[in-house]
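Remarks on the overall topology
Given next are the chains, with one letter for each unit.
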Amino acid sequence: NTGISHRHATQIINAARNHHDSKIIGAVILQAEREIALGADTFQQQRIPVYAHPKTRDLMHAGCDLCIDVLRETLGEDEMSETKTATNIQDTRELEILDRGDFYVIEPKKSVLPGAIMVYHPKTKTLFSGNLIFENLIPSMKNADLSAWRATLEDLKTLDISAIIPTVGEVTSV
């Protein structure tokens with residue numbers, strides 16, 4: 001999650017740096033939703049690499065400028081200042097950390113949004129689910145394939161998961 005604006009992304013980066021002694025090694029955009037993706041350029045300005053599925057990158061390039069314009073009109077220039085579409089987002093398959101088995105990218109066959117992914121951290125048994133799993137929210141069904149979505153949820157039962165971190169909502173214990 002890179003946040004919805006430059007301001008939000010800066011808050012996320014500062015919070016991560018203040019709560020952890022380790023370096024931020026990258027940000028993974030789980031899907032092309034404005035709440036998740038519009039702060040990516042700010043991460044890149046801080047020399048933090050940003051990764052996304054190729055379909056997510058395509059959706060971002062096709063629609064993020066329009067989203068930013070609409071949000072500027074709605075929220076005002078002050079809230080959205082310095083927010084711009086990231087241009088150098090790397091493919092999730094290029095994540096070097098995956099080679100060490102620290103994290104696994106889970107790419108559902110088809111789900112809520114083309115290019116949506118999840119990230120699993122086996123050491124902590126944590127699933128970063130994006131908007132594929134959530135609690136007390138009504139999902140957007142615009143691009144959903146319900147049978148594939150259900151199959152993805154069934155496949156997740158094979159993982160040893162103790163916590164699910166959605167994009168929106170509370171962390172859920174399993």
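Below or above, wherever it landed, is the structure these notes cover.

Rules and cut-offs
Residues numbered from 1 in each chain as written. Predicted model: local features only at pLDDT ≥ 70, side-chain atom pairs only at ≥ 80, totals over all residues. Heavy atoms only, no water. Helix = DSSP H or I, 4+ residues; strand = E, 2+ residues; numbered from the N terminus. Buried < 20%, exposed > 50% of the residue type's maximum accessible area, 1.4 Å probe, protein only. Contact = heavy atoms within 4.5 Å.

**With respect to the side chain of Thr42**
Its location among the elements puts Thr42 in helix α3 (residues 40-45). For Thr42, a relative accessible area of 4% corresponds to the buried category. Beyond its immediate stretch of four places on either side in the chain, Thr42 contacts His6, Ala9, Thr10 and Ile13.

**So, the environment of Ile161**
Mapped onto the elements, Ile161 comes out in the loop between α6 (146-156) and β7 (163-166). Of the residues examined, Ile161 reaches a relative accessible area of 13% and is grouped as buried. Placed 41 residues apart in sequence, Ile161 and Tyr120 show a C-alpha to C-alpha distance of 8.5 Å. Apart from residues no more than four positions distant in its own chain, Ile161 is found in contact with Tyr120, Lys125, Leu127, Leu156 and Val174.

**Things to note about unusual backbone geometry**
Despite not being glycine, Arg47 has its phi angle at roughly 65°, a positive value. Summarising the element assignment, Arg47 is placed in the loop between α3 and β2 (50-52). Exposure remark for Arg47: the relative accessible area of 76% places this residue in the exposed category. Of note, the phi angle at Glu82 is positive, near 65°, even though the residue is not glycine. Structurally, Glu82 is set in the loop between α5 (77-80) and β3 (90-91). On the basis of relative accessibility, which here comes to 53%, the residue Glu82 falls in the exposed class.

This is a description of form; function is not addressed.
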